[in-house]
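Letter by letter, the chains look like this.
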Amino acid sequence: TTTTTTTTLEEERLLLNSNNNNKSKTTTTASSSSSSSPSLVVHRARYLIYLSHLFCRCAENAWQFCLVLFLAAICNYESVVLVSTYGLWCGLLECTVGAKAGRFVDETNRLTAATFFVWTQNTCVCLATFSSWLILSRMTTTTSSVDESNRSLWLDLDGCAAMDATSICLLVAIHLFGSIAKVLDGGFT
C-alpha cells in the first residue's frame, strides 16, 4: 500500500506541476481555474478519469451483450450453442492469457501498455463486428439457396441454419476476436 500511496502522491505532484506551468504560460480571465486550489484540480481530474472509465466499461459491456445477440441471431434465436461456446472460449482465454496480459502491463511502461491494449482491443472489436455482419448477411442469402442435394456439404448445428466452410471461419473469427477484446478490456480493470 505504501508504493501505491507513493505513486498516487507522485502523480498528484506531477499533475499539479503541469497545471501550474500551464497557468503561467497562458493568460486567463478572472473566472478561470487560476483561483482553484490544487486539491480541487486533483479532485476534478479524478472525477473525469472515473467518468471516462465508467463510459468505457459501459461501452464494452454493451458490445459484449450485442455480440451475444448476434450469435443468437445466427441460430434464429432457437439455440444457445454459439452463445455457450463463446462464453466457454472467453473463460478459457481469460484463464490462459490473462496472467500474461497482466505481466505485460507490469513489465511495460503503463502508457505503452494502455495504448497497445486499446488499439488491439478496438481492432478486435471491429473485426468481430465485421465478421458478425458478414455471417448475418450471408445467412439470409445462403439459407434460401441451399438445395437438398448439396446438404451433405453443409454443417448443421443444433437449431442453427446450415453453414458452409466460410461461415464456420467467420464464427471462429467472431469467437476469437470477441474473446481477445474481452481479455484486453480486463487488462487494466
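Sequence order as written defines the numbering, with residues in each chain counted from 1. With the structure being a predicted model, the display of local features is reserved for residues of pLDDT at least 70 and the display and counting of side-chain atom pairs for 80 or more, all residues being used for whole-chain, interface and lining totals. Water and hydrogen atoms play no part in the side-chain values, which are based on all heavy atoms of the structure.

Draft legend 1. Local environment of the confidence of the model for the chain. Taken over all residues, the pLDDT of the chain has a mean of 78, while the share at 70 or more is 68%. Along the chain, pLDDT gives the predictor's confidence residue by residue, from 0 to 100. Only heavy atoms matter for contacts: two residues are in contact if any of them lie within 4.5 Å across the pair. Low pLDDT, under 50, characterises residues 1-6; the stretch is placed with zero contacts to residues that sit more than four places away or in other chains. This stretch, residues 149-155, has a pLDDT under 50; its non-local contacts, to residues over four places away or in other chains, come to twelve contacts.

Draft legend 2. Focus on helix α2 (residues 38-74). For α2, which comprises 37 residues, the first-to-last C-alpha distance of 54 Å matches the rise-based estimate of 54 Å (1.5 Å per residue) to within 8%. All of the buried residues in α2 are Val 41, Val 42, Glu 60, Trp 63, Gln 64, Leu 67, Leu 71, Ala 72, Ala 73 and Ile 74. Each helix corresponds to a stretch of at least 4 residues labelled H or I by DSSP, and each strand to a stretch of at least 2 residues labelled E; elements are numbered beginning at the N terminus. In this analysis, the expected span of each helix is defined as 1.5 Å times one less than the number of residues it contains. Only protein chains enter the accessibility calculation, which uses a 1.4 Å probe. A residue is then buried if its area is under 20% of the maximum for its type, exposed if over 50%, and partly exposed in between.

Draft legend 3. Structural view of the packing of aromatic side chains. Here is the rule: rings of Phe, Tyr and Trp (six-membered ring for Trp) pair when centre to centre is within 6.5 Å. Planes less than 30 degrees apart are stacked, more than 60 are edge-to-face, and the remainder are tilted. One pass over the full model with this rule turns up four aromatic pairs. Each member of the aromatic cluster is reached from another via a ring pair, and the members are Phe 104, Phe 116 and Phe 117.

Draft legend 4. Just the packing of α2 against helix α3 (residues 81-107), in detail. Axes here mean lines fitted to C-alpha atoms, for a helix over just the part in contact, with angles spanning 0 to 180 degrees between N-to-C directions. With their axes 7 Å apart at the nearest point, α2 and α3 run at an angle of 140° to one another. Our classification of the angle between α2 and α3 gives oblique. Residue-level contacts link Gln 64, Leu 67, Val 68, Leu 71, Ala 72 and Ile 74 of α2 to Leu 82, Val 83 and Tyr 86 of α3. Three classes are used, and their members are as follows: Ala, Val, Leu, Ile, Met, Phe, Trp, Tyr, Cys and Pro are nonpolar, Asp, Glu, Lys and Arg are charged, and the others, Gly among them, are polar. A class-by-class count of the residues in the contact of α2 with α3 yields eight nonpolar, one polar and no charged. In this scheme, roughly parallel covers angles under 35 degrees and roughly antiparallel covers those over 145, while 65 to 115 is roughly perpendicular and the rest are oblique.

Draft legend 5. Inspection of unusual backbone geometry at higher detail. Even without glycine at this site, Asn 76 takes up a positive phi of about 55°. Turning to its location among the elements, Asn 76 is positioned in the loop between α2 and α3. By relative accessible area, Asn 76 is classed as partly exposed at 45%.

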